[in-house]
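# Structural description and commentary
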Amino acid sequence: MFNKDRWSEIIEALNANKFRTFLTAFGVFWGIFIFVVLLALTNGLKNGVMSDFGDFATNSMFMWTQGTSKPYKGLPKGRYFNYKLDDVAALKSEIPNLKYVSPRNQLGGFQGANNVIRGTKTGAFEIYGDYPEYIKQQPMDILQGRFVSYSDINSKRKVCVIGTDVIKSLYDKDEEVLGSYVKINGVNFMVVGTFKMSNSQGDNEQDANTIYIPFTTFGQAFNRGDRVGWMAITAVDGVPITSIKQQVFDLMKSRHTVAPDDDRAIGHWDLSEQFARMNGLFIILTVVGYFVGALVLMSGIIGISNIMLIVVKERTKEIGVRRALGASPWTIKGQILQESLILTILSGMVGISFSAFVIWVLNYLLDMSGPVDSFANPSVSMTVVFTALIILVVSGLLAGLIPANSATKMKPVDALRIE
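Residues numbered from 1 in each chain as written. Predicted model: local features only at pLDDT ≥ 70, side-chain atom pairs only at ≥ 80, totals over all residues. Heavy atoms only, no water.

An unreviewed UniProt entry lists the chain under the name ABC transport system permease protein, from Meridianimaribacter flavus. Word for word, the UniProt comment on the chain under Subcellular location (unreviewed entry) is "Cell membrane". (UniProt positions renumbered as here; feature names shortened; annotations may be inferred.)

Pasting the structure below:
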């Protein structure tokens, strides 16, 4: 490996036919480039889709009411009903594997815009009535003050927590926010906290449109009483929400006189189930990326092996002379293997470097153009890079093994006879 003469021979052999060497190296370069870029694009797609889940606890589901689809106990088909705070208490007491049950109400969003007023400034925002547990299900960074507390819930205080872009819409720069008041549907609320979502930079749509107030205050101020719009339910660690959600549905059906086999009366979105499906999909895509990349790389390795066989044939007389002068079979084999290994590693490292540059360009363009739906931060881990390097070393050895064995099988006398 550290023999100067051998390195000179390797460089001379590679320079003997530069165009052939280039085409041979390009096969490995292209294979490793496709391998790394495919995995980076797969990760970009995965990051984008998974970011749609946000930081919300993935072992959770949302549950709401819909019209019944079957008559039951004298009640007609098409009947609508509402959850109540008593239902929340019943879920907590009768299903012990539930970690959090957060009742929620909303103004704005799909129910229409609200006018939020502060002085001469107005804005349309989503208003949520929540319990303190919700911040444990949907993590957020409290920048100033605090989130709603049980003291607010019990006293039905008219307080609110506002997002960073709500501040930009309703406040002047450097104006004090905490302790100020905003008017929501004609009711004054004092600002006790500001927040941004943990996975955002403060300028997400969710930040721009969200104000949180205590659930009980929401019911009193906007005439909702103890009605619950929907629930965010999280199971304890180690128990998938998917495995116990039927218990939740059965309990709610029995409490609201809904037919046990009426599957349309209760709507839900199982975050855990969707998350598992997405994970399974991306595992398959990653395997496909490895498989396709390996096939393309293998074609390059086969090309190197074929070219090395041609090189061995062209240097038959040289090999015969070296054998006649006392070179051992392992010396001949080592030189062929080293030539193959150097060609593979050099072309592969160029492929890795170029793929890293392409990935950097992709991320730069994404940063310049802003967020793209379902695609973010295409990247590969160092594990993939090290795996690629190992593949290169092993592939280089395999590519040179057949030509090297062919070279050592020659008898010196036979090699010298070849013109």
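Structure shown, so let's carry the discussion forward.
### A word on the packing of helix α3 (residues 85-94) against helix α9 (residues 241-255)
Running from N to C, α3 and α9 point in directions that differ by 135°, and their axes come no closer than 11 Å. Our classification of the angle between α3 and α9 gives oblique. With respect to the hand of their crossing, α3 and α9 are arranged in right-handed fashion. Across from Asp86, Asp87, Ala90, Leu91 and Glu94 in α3, the residues of α9 making contact are Val248, Leu251, Met252 and Arg255. Considering only residue class, the contact of α3 with α9 consists of five nonpolar, no polar and four charged. (Axes fitted to C-alpha atoms, helices over the stretch in contact; angles between N-to-C directions. Helix = DSSP H or I, 4+ residues; strand = E, 2+ residues; numbered from the N terminus. Parallel < 35°, antiparallel > 145°, perpendicular 65-115°, else oblique. Left-handed = near helix turned anticlockwise from the far one by under 90°. Contact = heavy atoms within 4.5 Å. Nonpolar A, V, L, I, M, F, W, Y, C, P; charged D, E, K, R; others polar.)

### Some thoughts on the nonpolar core
Formed by 27 residues in total, the largest nonpolar core has its most connected members in Met63, Leu91, Leu98, Met231 and Ile233. Where this core is concerned, the elements lending two or more residues are β1 (60-65), α3, β3 (98-107), β13 (230-235) and α9. The biggest single contributor to this core is α9, with six residues. In contact with Met63, other than residues within four places in its own chain, are Tyr83, Leu91, Trp230, Met231, Ile233, Val248, Phe249, Met252, Ile266, Gly267 and His268. Of all hydrophobic cores here, the second largest spans 20 residues; its members include Leu107, Ile162, Val166 and Leu170. (Core = buried A, V, L, I, M, F, W, Y, C linked by side-chain atoms within 4.5 Å. Buried < 20%, exposed > 50% of the residue type's maximum accessible area, 1.4 Å probe, protein only.)

### Comments concerning the pairing of β13
Most of β13 sits out of view: six of its six residues are buried. Burial along β13 is two-sided: the residues Trp230, Ala232 and Thr234 and Met231, Ile233 and Ala235 are all buried. As paired strands, β1 and β13 are joined by five bridges and run antiparallel to one another. Directly across from Met63, in β13, lies its bridge partner Met231. (Pairing = 2+ DSSP bridges.)

### Some details on the pattern of salt bridges
This model, assessed by the stated rule, comprises 14 salt bridges. A salt bridge links Asp263 to Lys253; its shortest N-O distance comes to 3.8 Å. Remark: Lys253 occurs in helix α9 and Asp263 occurs in the loop between α9 and β14 (266-270); sequence separation between them is ten residues. On the basis of relative accessible area, Asp263 is assigned to the exposed category, the value being 63%. What makes Lys253 buried here is its relative accessible area of 4%. If you follow the salt bridges from partner to partner, you end up with Arg146, Asp152 and Arg157 in one network. (Salt bridge = Lys/Arg side-chain N within 4 Å of Asp/Glu carboxyl O.)

### Regarding α9
Compared with the 21 Å implied by 1.5 Å per residue over 15 residues, the 21 Å span of α9 between its first and last C-alpha is a close match. Taken residue by residue, α9 has Ile241, Ile244, Lys245, Val248, Phe249, Leu251, Met252 and Lys253 as its buried positions. After α9 finishes, the residue Thr257 shows a positive phi value of roughly 50°. (Expected span 1.5 Å × (residues − 1).)

### Quick word on the environment of Thr286
Within the fold, Thr286 resides in helix α10 (residues 271-314). Separated by 240 residues in sequence, Thr286 and Lys46 have C-alpha atoms that sit 9.8 Å apart. Not counting residues up to four positions away in its chain, the partners in contact with Thr286 are Leu39 and Thr42.

### What to know about a nonpolar patch on the surface
Among the surface-exposed residues, Ile284, Val288, Phe291, Val292, Leu295, Met298 and Ile302 lie close enough to one another that they form a single nonpolar patch of about 650 Å² accessible area. For Ile284, the position within the fold is in helix α10. According to the relative accessible area criterion, Ile284 is exposed, its value standing at 54%. (Patch = residues over 30% accessible without salt bridge, like charges linked within 9 Å, V, L, I, M, F, W, Y side chains within 5 Å. Areas by Shrake-Rupley, 256 points an atom, 1.4 Å probe, with all protein chains shown as cover.)

### Some words on the pairing of strand β9 (residues 181-184)
Burial along β9 is one-sided: the face carrying Val182 and Ile184 is buried and the face carrying Tyr181 and Lys183 is not. Where strand β4 (residues 116-118) and β9 come together, two bridges link them in antiparallel fashion. Along β9, the bridge assignment pairs Val116 with Ile184. Here β9 runs beside strand β10 (residues 187-197); their pairing, made up of four bridges, is antiparallel. Bridging from a neighbouring strand, Val182 pairs with Phe189 of β10.

### Remarks on the packing of aromatic side chains
Inspection of every chain in the model, using the stated rule, returns 22 aromatic pairs. Where Tyr134 meets Tyr212, the ring centres are 6.1 Å apart and the plane angle is 45°; that geometry is what we call tilted. Taken as a pair, Tyr134 in helix α4 (residues 134-137) and Tyr212 in strand β11 (residues 210-214) lie far apart in primary sequence, 78 residues in all. Using a relative accessible area of 1% as the deciding quantity, one classes Tyr212 as buried. (Phe/Tyr/Trp six-rings, centres within 6.5 Å; stacked < 30°, edge-to-face > 60°.)

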